[in-house]
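# What the coordinates show
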Amino acid sequence: MDQNLVRAFASNFLGNAPLWYKKVIVGFLIINPLLFFTGGPFAAGWALIAEFIFTLAMALKCYPLQPGGLLALEAIVIGMTSPETVYMEARNNFEVILLLVFMVAGIYFMKNLLLFVFTKLLLHIRSKVALSLVFSGTAAFLSAFLDALTVTAVLIAVGIGFYSVYHRVASGGHHSHSDHDHSYDDKVTDHSRSDLEQFRAFLRSLLMHGAVGTALGGVCTLVGEPQNLLIAEKMGWSFLHFFKVMAPVSMPVLFAGLLTCALLEVFGWFGYGAKLPQSVRSVLLEYDQEQDEKRSPADVAELIIQSIVAVFLVVGLALHLAPVGLIGLTVIVLQTAFNGVVDEHRIGHAFQEALPFTALLVVFFAIVGVIHEQHLFTPIIDAVLALQGQTRTVMFFVANGLLSVISDNVFVATVYINEVKTAFDAGNISREELEHLAVAINTGTNIPSVGTPNGQAAFLFLLTSALAPLIRLSYGKMVIMALPYTIVMSSVALLSVWFFN
């Protein structure tokens, strides 16, 4: 074959990713079949998990969909899982897929309202500690009643809005310019570069506080996370009973999380503490004043429609009027119809953010399929089930936490709650023991999983969003910034499980 053509194929493979990264992925693809047929599926399965986590960690080098997808496809080809299993995992999570496709697009059409509200908050709350607590507390409250991915979509939309406004000015333009590409820093003026870096650090800290807040609130209620609903259904718990049995663990964790948020900002540890640069505040203030002055009756009407739809969104999700994705589709229809967005090209932009992540999520289901078919977690599950008494309850929390850090917490919760329900039905454990274990499973899958982006779907969504590369939020940076939260929240939860269950 012509050498130029060979080089072209090599250059096209994974595009602009670094050469060393391409070689690593090729190495994975060569090693996996060899390991599968010589070392067995169990060893190859754990190697695949490590490799997939590597692609997530390198998300700023190359979007994980392509390398992770190649690894998943190879796993299917060599027999580590099957297309039927992947389809089953996707079908079981169809509501999450609908949520991503429609709800994130629905939030896109609310961006003017979100930017209006959060700009007012940013400009009127001068204390970074207070602002961080507002972001974390609001995310926690909303996530107790709404889906964490929906709340994260709001945070992403707000972050991109703030960043794009200042980036236009830092690049020598005006904040009203609509044709500016804020993903490139080529035109950023020299005297604005340091303020832009500080602004990135400022946004990173707010977004991480908000993302952790979704976990703080999500553990508290029956509707906070998908696994909560699953556990409550198995246990026969109502909304109020679920809150009551979780409160001895969830309330101390909520207090500890908010206290950690404040302390991190006060002392500036782990990448926190960056203040809003005065130049950025001036730009946002000017932008806000100009928007207020030039706001036409049509703009006011648009904000009113968005506000009404936002109220409908909260009420609809809190009361479960329909599956989350269908509520998102309703939000799209209402906002586009009443605000005159009827051009297909304009509507299409709303779906650009969510669809790559949706595809990545289905690839992740293939990895979960490998875990399921090769029984990779079985030794850990069997070891924990063999324990007795309070030690077993605590170890349930630990095991669920460790597995949720590297895998899907919904999958882990499903496996464990089914096992303990089977043990109860067989008469091997009492109803009281069953309830204690259910609390340990729910808190174990919700709280320690903030340690890595692959542990929480909301964290993974943030990592792979269009905002992450803009504010330089990498996998490693997320792990470091989440570390104090992981340690404090997991320790408090573990002690609460030990003393109150």
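See the structure above.
Not measured: the values here are computed from a predicted model.

So, about the overall build of the protein. Looking only at helices and strands, one finds 24 helices and 0 strands in the protein. The C-alpha atoms of the protein give 23 Å as radius of gyration, which agrees with the globular expectation for 501 residues (23 Å, within 12%). Residues classed as buried in the protein amount to 52% of the 501 residues present. Carbon and sulfur atoms make up 67% of the accessible area of the protein, which amounts to about 21200 Å² in all. The positive charge centre, built from 26 side chains, and the negative charge centre, built from 35, are 7 Å apart in the protein.

Counting 153 residues, the largest nonpolar core has Phe 162, Phe 202, Trp 237 and Tyr 416 as its most contacted members. In this structure Trp 237 touches Leu 222, Ile 231, Ala 232, Phe 242, Val 245, Met 246, Arg 431, Glu 435, Ala 438 and Val 439, once residues within four positions along its chain are discounted.

Bringing helix α15 (residues 324–338) into the picture now. Given 3.6 residues to a turn, an α-helix orients residues that are three or four positions apart in the same direction. Helix length check: α15 (15 residues) gives 21 Å between terminal C-alpha atoms against 21 Å at 1.5 Å per residue, within 8%. Every buried residue of α15 is listed here: Val 324, Gly 325, Ile 327, Gly 328, Val 331, Ile 332, Gln 335 and Thr 336. Along α15, the residues classed as buried sweep out an arc of 160° about the axis, all on the same side. Of the exposed residues in α15, the ones pointing more than 90 degrees away from its buried face are Ala 337 and Phe 338.

This next bit is on the side chain of Glu 265. Relative to the assigned elements, Glu 265 resides in helix α12 (residues 239–267). A polar contact is formed between the side chain of Glu 265 and the side chain of Lys 128, at a distance of 3.0 Å.

What follows covers helix α19 (residues 389–406). For α19, which comprises 18 residues, the first-to-last C-alpha distance of 27 Å matches the rise-based estimate of 26 Å (1.5 Å per residue) to within 8%. Among the residues making up α19, those that are buried are Arg 392, Thr 393, Val 394, Phe 396, Phe 397, Ala 399, Asn 400, Gly 401, Leu 403 and Ser 404.

This next bit is on unusual backbone geometry. If you check the backbone angles, Leu 14 has positive phi at about 60° while not being a glycine. Mapping Leu 14 onto the fold places it in the loop between α1 (3–12) and α2 (19–38). In this model, Phe 270 sits at a positive phi of 55°, which is unusual for a non-glycine residue. Here Phe 270 is to be found in the loop between α12 and α13 (278–294).

Tracing the chain through its elements places Arg 7 in helix α1. Taking the relative accessible area as the measure of exposure, Arg 7 reaches 51% and is therefore exposed. Separated by 225 residues in the primary sequence, Arg 7 and Ala 232 have C-alpha atoms spaced 56 Å apart.

Moving on: the pattern of salt bridges. A full pass over the atoms with the stated rule returns 8 salt bridges. Between Lys 120 and Asp 292 there is a salt bridge, and its shortest N-O distance comes to 2.9 Å. Highlighted residues: Lys 120 in helix α7 (residues 111–124) and Asp 292 in helix α13, separated in sequence by 172 residues. A salt bridge links Glu 433 to Arg 392, with the nearest nitrogen and oxygen atoms 3.4 Å apart. Of the two residues, Glu 433 is situated in helix α21 (residues 431–446) and Arg 392 in helix α19; the sequence distance between them amounts to 41 residues.

Another point: a nonpolar patch on the surface. Side chains of Phe 255, Leu 259, Leu 263, Val 266, Phe 267, Trp 269, Phe 270, Ile 480, Leu 483 and Ile 487 sit close together on the surface and give an oily, nonpolar patch of about 990 Å² of accessible area. Mapped by element, the contributors of at least two residues to the nonpolar patch are α12 and α24 (475–500). Considering each element in turn, the nonpolar patch owes the most residues, 5 residues, to α12. Topologically, Ile 487 is positioned in helix α24.

Turning our eyes to something else, we now look at the packing of aromatic side chains. One pass over the full model with this rule turns up 13 aromatic pairs. Plain terms: the ring middles of Trp 237 and Phe 242 are 6.1 Å apart, the flat faces sit at 70° to each other, and that makes the pair edge-to-face. For the pair shown, Trp 237 and Phe 242 are each scored as buried. Aromatic rings pair up to connect Trp 20, Tyr 21, Phe 28 and Phe 54 into one cluster.

About the cut-offs
Residues numbered from 1 in each chain as written. Predicted model: local features only at pLDDT ≥ 70, side-chain atom pairs only at ≥ 80, totals over all residues. Heavy atoms only, no water. Helix = DSSP H or I, 4+ residues; strand = E, 2+ residues; numbered from the N terminus. Rg over C-alpha atoms; globule rule 2.2 N^0.38 Å. Buried < 20%, exposed > 50% of the residue type's maximum accessible area, 1.4 Å probe, protein only. Areas by Shrake-Rupley, 256 points an atom, 1.4 Å probe, with all protein chains shown as cover. Lys, Arg positive; Asp, Glu negative; His and termini not counted. Charge placed at Lys NZ, Arg CZ, Asp CG, Glu CD. Core = buried A, V, L, I, M, F, W, Y, C linked by side-chain atoms within 4.5 Å. Contact = heavy atoms within 4.5 Å. Expected span 1.5 Å × (residues − 1). Arc of directions from axis to C-beta. Polar contact = N/O pair within 3.5 Å; in protein donor to acceptor, adjacent residues only side chain to side chain. Salt bridge = Lys/Arg side-chain N within 4 Å of Asp/Glu carboxyl O. Patch = residues over 30% accessible without salt bridge, like charges linked within 9 Å, V, L, I, M, F, W, Y side chains within 5 Å. Phe/Tyr/Trp six-rings, centres within 6.5 Å; stacked < 30°, edge-to-face > 60°.

Honestly, it's all geometry; don't read function into it.
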